[in-house]
Amino acid sequence: MNQVKKAIIPAAGLGTRFLPATKAMPKEMLPIVDKPTIQYIIEEAVKSGIEDVIIVTGRSKRAIEDHFDKNYELEVNLEEKNKSELLEVVQSITNLVDIHYVRQKEALGLGHAIWCARKFIGNDPFAVLLGDIVIDSEVPVLKQMLDVYNEKNRSVIAVEPVDWKKVSNYGVIDGEKINDQLHLIQQLVEKPKVNPPSNLAIMGRYILTPQIFDILESVKPGVGGEIQLTDALQELADVQEMYSYIYNGKLYDVGSKLGFLQATVEFALKSDEVSETFEEYLVDYLKDRYYTMKN
Ligand code: UTP
């Protein structure tokens, strides 16, 4: 069985939900406390055993490449000022993992972004981690999914049960329950307007077999006129077993304003550096606000 050692991070989307901040800055670079979103995602991949990462980038995404590149001027400056801890932090980013880049010339959808990385993946199974989804968990979610993949040797899709009222915002799956976390997928629907097959929403992490590329080659634009990964996944599920996995962890959609704010507050409350002072500030602020509202 082929081991999963490569991951694609699609990061070429336009980020319209976060305009105007994302007009010139990639949403994948939005910082959560002091680290860009995409760095958390790469760290999850590395902790799960991924050895090569390919980031799908587009226009206005140069900051991503610069972040993972060496910055000689900054390193010399930190060295001269004896800021050895910061120097270590900066250097460790460059040494995280082998990172490659491919350009998606037009933001034609997630399915198209993944197809753009096909030559890098070749005939191996691979992981996909969306560039704006951070998941906080004890065991990295990709690692949890790889454990399933290593047993089944088939594609695995991360899902989470969501409020039924919000199901139409997501791609959802339907399938045969195998255990509390695992379903054998029968159906996948992108943003169902009526009669959603379940409330199990697809959530930004995938392990896929390379057969998906042949399907992506010919899949027609779907919801929103975009080449939807979900449509290609349905075709793959029709010919090959595919599993959904309800992961253990807390997800933040950093590409949405609310998700970004939640991640910022909750990660700050866990940060060694600022948690104490930030919590004090937050409690005082909310007490004042509540008191003012009542009077
Ligand atoms: P999203 O649907 O969240 O990205 O895609 P978006 O289109 O940028 O979002 P909004 O709705 O306009 O705010 C999830 C991930 O897939 C990438 C995005 O960069 C994001 O990390 N993506 C999406 C691509 O790489 N290419 C695309 O054509 C679309």
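Note that the structure is a prediction, hence the values are computed from the model and not measured.

**Considering the overall build of the protein chain**
Here's step 1: Along the protein chain, the regular secondary structure elements total 11 helices and 13 strands.
Here's step 2: Taking 2.2 N^0.38 as the reference for a compact globule, 295 residues should give roughly 19 Å; the C-alpha atoms of the protein chain span a radius of gyration of 20 Å, in line with that estimate.
Here's step 3: Expressed along its principal axes, the backbone C-alpha trace of the protein chain runs to roughly 60 × 55 × 35 Å.
Here's step 4: Partitioning the intrachain contacts of the protein chain with sequence separation of at least 6 by distance along the chain shows that 76% fall at a separation of at least 24.
Here's step 5: Counting every atom, the protein chain has about 15900 Å² of accessible surface; 50% of that belongs to carbon and sulfur.
Here's step 6: A distance of 6 Å separates the average location of the 33 positive side-chain charges in the protein chain from that of its 45 negative side-chain charges.

**Details of the UniProt feature "domain: Nucleotidyl transferase" (unreviewed entry) in the protein chain**
Here's step 1: The UniProt feature table records "domain: Nucleotidyl transferase" (unreviewed entry) at residues 6-265.
Here's step 2: The distance from the first to the last C-alpha atom of residues 6-265 is 32 Å, and the span holds 33% helix and 27% strand.

**Remarks on the site of the ligand**
Here's step 1: Around the ligand, 19 residues are found, and the nearest of them are Ala12, Gly15, Thr16, Glu28 and Gln104.
Here's step 2: Within the backbone of leucine 14, a nitrogen or oxygen atom sits 3.0 Å from an oxygen atom of the ligand.
Here's step 3: With respect to the ligand, the backbone of glycine 131 contributes an N or O atom lying 3.2 Å from an oxygen atom.
Here's step 4: Here the ligand loses 85% of its free accessible area of 570 Å² to cover by the protein chains.
Here's step 5: When its residues are assigned to classes, the shell around the ligand shows 9 nonpolar, 6 polar and 4 charged.

**As for the pattern of salt bridges**
Here's step 1: One pass over the full model with this rule turns up 16 salt bridges.
Here's step 2: Between lysine 27 and aspartate 132 there is a salt bridge whose closest N-O contact spans 2.8 Å. You can see lysine 27 sitting in the loop between β1 (6-10) and β2 (31-32) and its partner aspartate 132 sitting in the loop between β6 (126-129) and β7 (133-136), a full 105 residues away along the chain.
Here's step 3: Exposure remark for lysine 27: the relative accessible area of 10% places this residue in the buried category.
Here's step 4: Judged by relative accessible area, which is 9%, aspartate 132 ranks as buried.
Here's step 5: Connected through salt bridges with shared partners, the residues Arg17, Lys27, Asp132 and Asp253 form a single ionic network.

**Quick look at the side chain of asparagine 199**
Here's step 1: Topologically, asparagine 199 is positioned in the loop between β10 (182-190) and β11 (200-208).
Here's step 2: Once residues lying within four places of it in the same chain are set aside, the contact partners of asparagine 199 are Glu160, Pro161, Val162, Trp164 and Val167.

**Topic: the pairing of strand β9 (residues 171-177)**
Here's step 1: Here 7 bridges tie β9 to β10, and the two strands are oriented antiparallel to one another. Bridge pairing in β10 places glycine 171 opposite glutamate 190.
Here's step 2: Linking β9 to β10, which pair antiparallel, is a turn of 4 residues.

**Some details on the environment of valine 219**
Here's step 1: Within the secondary structure layout, valine 219 lies in the loop between α8 (212-218) and α9 (229-239).
Here's step 2: Overall, the relative accessible area of 10% leaves valine 219 in the buried class.
Here's step 3: Sequence-distant contacts of valine 219, that is, excluding residues within four places in its chain, are made with Ile227, Asp231, Ala232 and Glu235.

Cut-off values and rules
Residues numbered from 1 in each chain as written. Predicted model: local features only at pLDDT ≥ 70, side-chain atom pairs only at ≥ 80, totals over all residues. Heavy atoms only, no water. Helix = DSSP H or I, 4+ residues; strand = E, 2+ residues; numbered from the N terminus. Rg over C-alpha atoms; globule rule 2.2 N^0.38 Å. Contact = heavy atoms within 4.5 Å. Areas by Shrake-Rupley, 256 points an atom, 1.4 Å probe, with all protein chains shown as cover. Lys, Arg positive; Asp, Glu negative; His and termini not counted. Charge placed at Lys NZ, Arg CZ, Asp CG, Glu CD. UniProt positions renumbered as here; feature names shortened; annotations may be inferred. Near = heavy atom within 4 Å. Polar contact = N/O pair within 3.5 Å; in protein donor to acceptor, adjacent residues only side chain to side chain. Nonpolar A, V, L, I, M, F, W, Y, C, P; charged D, E, K, R; others polar. Salt bridge = Lys/Arg side-chain N within 4 Å of Asp/Glu carboxyl O. Buried < 20%, exposed > 50% of the residue type's maximum accessible area, 1.4 Å probe, protein only. Pairing = 2+ DSSP bridges.

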